[in-house]
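Observations on the model geometry
Residue-level listing of the chains:
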Amino acid sequence: MTEWLLPAGYLLALVAGTLLGVWSGRRHADVRLTGEQAAESAAKETSRRISGVIRACPDLGDAFDAAAAEVGRALGCDLAYVQLVRRGERRATAWRRGDDETGRPSTAAAFLPLPDEVFSLVGPERSAAVDDVRTHPALQGADMSAAVTSLEIVSLLVCPIASSSGVIGAVVAGRSSRQPFGHHDVGVVESVAWSLGRALQNRAIQAQQDAVVERLEALDRSKSDFVASVSHELRTPLTSIAGYLEMLLDGDGGPVTGGQREMLDIIGRNTQRLQLLIEDLLTIGKIESGALRTDVDDVRVATLLAAAEAAITPAVAAAGVALRVHAEDDVVLSGDRRQLEQVLLNLLGNAVKFTPHGGTVTASAHHVGEGWVELTVTDSGIGIPRNEQGQLFTRFFRASNATERAAQGAGLGLSIVSSIVSAHGGEVTLESTEGEGTVVSVRLPGHALVPVAAP
Amino acid sequence: MSDASPGRTRPLVLLAEDDPDVRDMIERKLRGDDMDVIAVSDGVAALHAAKTMRPDLVLLDVMMPGMTGLQICHELRSNVATDNLPVMLITARARAEDIQTGYDAGADDYIVKPFSPRDLVTRIRDGLMAVRR
């Protein structure tokens, strides 16, 4: 029994002792864990703070300086480095104990870059803490440059700055006595390295985006230049065609028969079409390249309407439509005379083109108050199908019912009108009923002219 | 200025235009309208002819290889022998600022391509009249 009891008592004591031991061990672990937690939270706080400082830096150079100094101070270092190694070029920024007292940052030039052996210790996701550079096997025979030797760096921490292409640099911390860096130190420096890596990557992305935008802008400019050059180049052959055509019709080449004259007239009409198309392309090119300058002058609407009327009269006569023009004499527009003339001519041209023989085209202008003048061009023409009206201001758009020979055109007129009007800060509205006619209203800045008192 | 071409019954027009078809067309039209024409295809020849042939009027294309119409116009204006010579520019560039550049270079008239040959003759006659006055 005793034989049994003893072991039992022994066992009990053993169990109790074990329990006690476990319990006290746990207490001990709790204390350690609390210390560990405090250190971890302090490290996190340090990381967070330094990241904030780096983010607040206006440029990368400042961010490197700040990172080196912050790491140096926070980790009680004698030396802290940020070094970039890219395409053979090495750049470093460094902080040295004592900098804060002198108020002068150490210039990077005062330090030699760390030798390759130091970088060979790290990988994209692997930091290296070297307790003693003098005994570390990988650093034996390495030229631990003046930066390290003169400051007698003994304990070293190297954390990689990585990009998608691998290690592009490192944040390095050094102590001149053997005080190895612990894992919290590693955490802080790794987070700083990560912040710097992200800043570098952001800058690279920004630079890429800037380059893309620049390339697109250059492409756009060259496209506009191309349109302008082509339009100019087209004018030279057109000069011979239109010139000889006129000379033939004038009889400079001998008598012209009736049949020949008919054919020459068709050539003439199409030459004119080409010419108008070239002018429209040039205008579009100018609008696109931003070269369409809008000079703001007071333009009397009566003068504008009279000029447009004179220009459109031959087309009006040929189409057999009636043109009525009326303006309140004292209305003045603020804008570019030539461009406003073009707006009116394009609108009248469309109206005449799409109005059958015997129809009526009306152009009018009136002051609508509060600094606005409205130009309205109304026709009794074929109208525009309702479902196509939304696309009318799109370049090269032609309504499906614009099929008559007289209605030939490229579909640039309204797009030009719309661009010019918006450049003037105005707006274009259009109402149309198929088979009945169209009303286009252009609202532009303007005013009623104050009449000069008679003497 | 007195008549630059004493004893000459037909006016002499110097034409510089590098496009052969446009050059021939203008020459044909002017000859048909009782004018004599010296036609050249580049700026250097134009400047030489302007100084040696004593034309009554010079018709210059703006865009020419070697020397532009604007440069020739400028040269003519800065030379005592030719500073009164009527100069007309022909160009494919029709922007207001291009036209202003032409007048700034000392041109008397400015014609934009494509133009009416009939209109060109009228303007040349006007230019010749202006000098005689």
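In this report, we go over the structure that sits alongside the text. What you are looking at is a predicted structure, and each value in this text was computed from that prediction instead of being measured. (Residues numbered from 1 in each chain as written. Chains lettered and ligands numbered in written order. Predicted model: local features only at pLDDT ≥ 70, side-chain atom pairs only at ≥ 80, totals over all residues. Heavy atoms only, no water.)

1. Observations regarding the overall build of chain B
Scanning chain B from N- to C-terminus turns up 5 helices and 5 strands. The linear arrangement of helices and strands in chain B, starting from the amino end, is β-α-β-α-β-α-β-α-β-α. By residue count, 49% of the 133 residues in chain B fall in the buried class. Here the contacts in chain B between residues at least 6 apart in sequence split such that 61% fall between residues at least 24 apart. (Helix = DSSP H or I, 4+ residues; strand = E, 2+ residues; numbered from the N terminus. Buried < 20%, exposed > 50% of the residue type's maximum accessible area, 1.4 Å probe, protein only. Contact = heavy atoms within 4.5 Å.)

2. Quick notes on the overall build of chain A
Each helix and strand in chain A was counted, giving 10 helices and 12 strands. Considering chain A as a whole, with its 455 residues, one finds that 38% of them fall into the buried category. Of the contacts made within chain A by residues no fewer than 6 positions apart, 66% connect residues no fewer than 24 positions apart. For chain A, the exposed area adds up to about 25100 Å²; of that, 56% sits on carbon and sulfur atoms. (Areas by Shrake-Rupley, 256 points an atom, 1.4 Å probe, with all protein chains shown as cover.)

3. What to know about the sheet that holds strand E3 (residues 57–61) of chain B
Residue and element names in this part refer to chain B. With parallel pairing, 5 strands are arranged side by side in an open sheet as E2-E1-E3-E4-E5. Looking at strand neighbours, the two that pair on one side only are strand E2 (36–40) and strand E5 (109–112), the edges of this open sheet. Averaged over neighbouring strand pairs, the angle between their axes works out to 20° when direction is ignored. (Pairing = 2+ DSSP bridges. Axes fitted to C-alpha atoms, helices over the stretch in contact; angles between N-to-C directions.)

4. Observations regarding the interface of chain B and chain A
Many analyses report the size of an interface as the accessible area lost when the parts associate. Opposite the 19 residues of chain B that make contact, chain A presents 15 residues. A combined buried area of about 1600 Å² lies between chain B and chain A, and 55% of that area is made up of carbon and sulfur atoms. The largest share of the area that chain B buries against chain A comes from Met25, Ala92 and Pro114 of chain B, three residues that together contribute 32% of it. On the surface where chain B and chain A come into contact, there are 3 salt bridges. Of the charged contacts in the structure, one is a salt bridge between aspartate 252 of chain A and lysine 29 of chain B, with a shortest N-O distance of 2.6 Å. Taken together, chain B and chain A are joined by 7 residue pairs in polar contact (both at pLDDT 80 or more). (Buried area = accessible area lost by both parts, 1.4 Å probe. Salt bridge = Lys/Arg side-chain N within 4 Å of Asp/Glu carboxyl O. Polar contact = N/O pair within 3.5 Å; in protein donor to acceptor, adjacent residues only side chain to side chain.)

5. Comments concerning the pattern of salt bridges
The final tally for this structure, using the stated rule, is 20 salt bridges over all chains. Two residues, arginine 118 of chain B and aspartate 250 of chain A, come together in a salt bridge whose shortest N-O distance is 2.8 Å. Of this pair, arginine 118 of chain B sits in helix H5 (residues 117–132) while aspartate 250 of chain A sits in the loop between helix H6 (183–249) and helix H7 (258–289), placing the two residues on different chains. We classify arginine 118 of chain B as partly exposed; its relative accessible area is 45%. Here the residues in one salt-bridge network are Arg49, Glu70 and Arg73 of chain A, joined through shared partners.

6. Here's the deal with the packing of helix H2 (residues 43–52) of chain B against helix H3 (residues 69–77) of chain B
Residue and element names in this part refer to chain B. It is the contact of H2 with H3, at a shortest axis distance of 10 Å, that shows an interaxial angle of 25°. Taken as axis vectors, H2 and H3 run roughly parallel relative to one another. In this structure, H2 meets H3 at a crossing whose hand is right-handed. Here Gly43, Ala46, Leu47, Ala50 and Lys51 of H2 come into contact with H3, specifically with Ile72, Glu75 and Leu76. (Parallel < 35°, antiparallel > 145°, perpendicular 65-115°, else oblique. Left-handed = near helix turned anticlockwise from the far one by under 90°.)

7. Topic: H3 of chain B
Residue and element names in this part refer to chain B. Gly69, Ile72, Cys73 and Leu76 are the residues of H3 that are buried. Here the buried residues of H3 occupy an arc of 100° about the axis, which is enough to place them on one side. Residues of H3 that are buried sit in contact with H2, E3 and strand E4 (87–91). (Arc of directions from axis to C-beta.)

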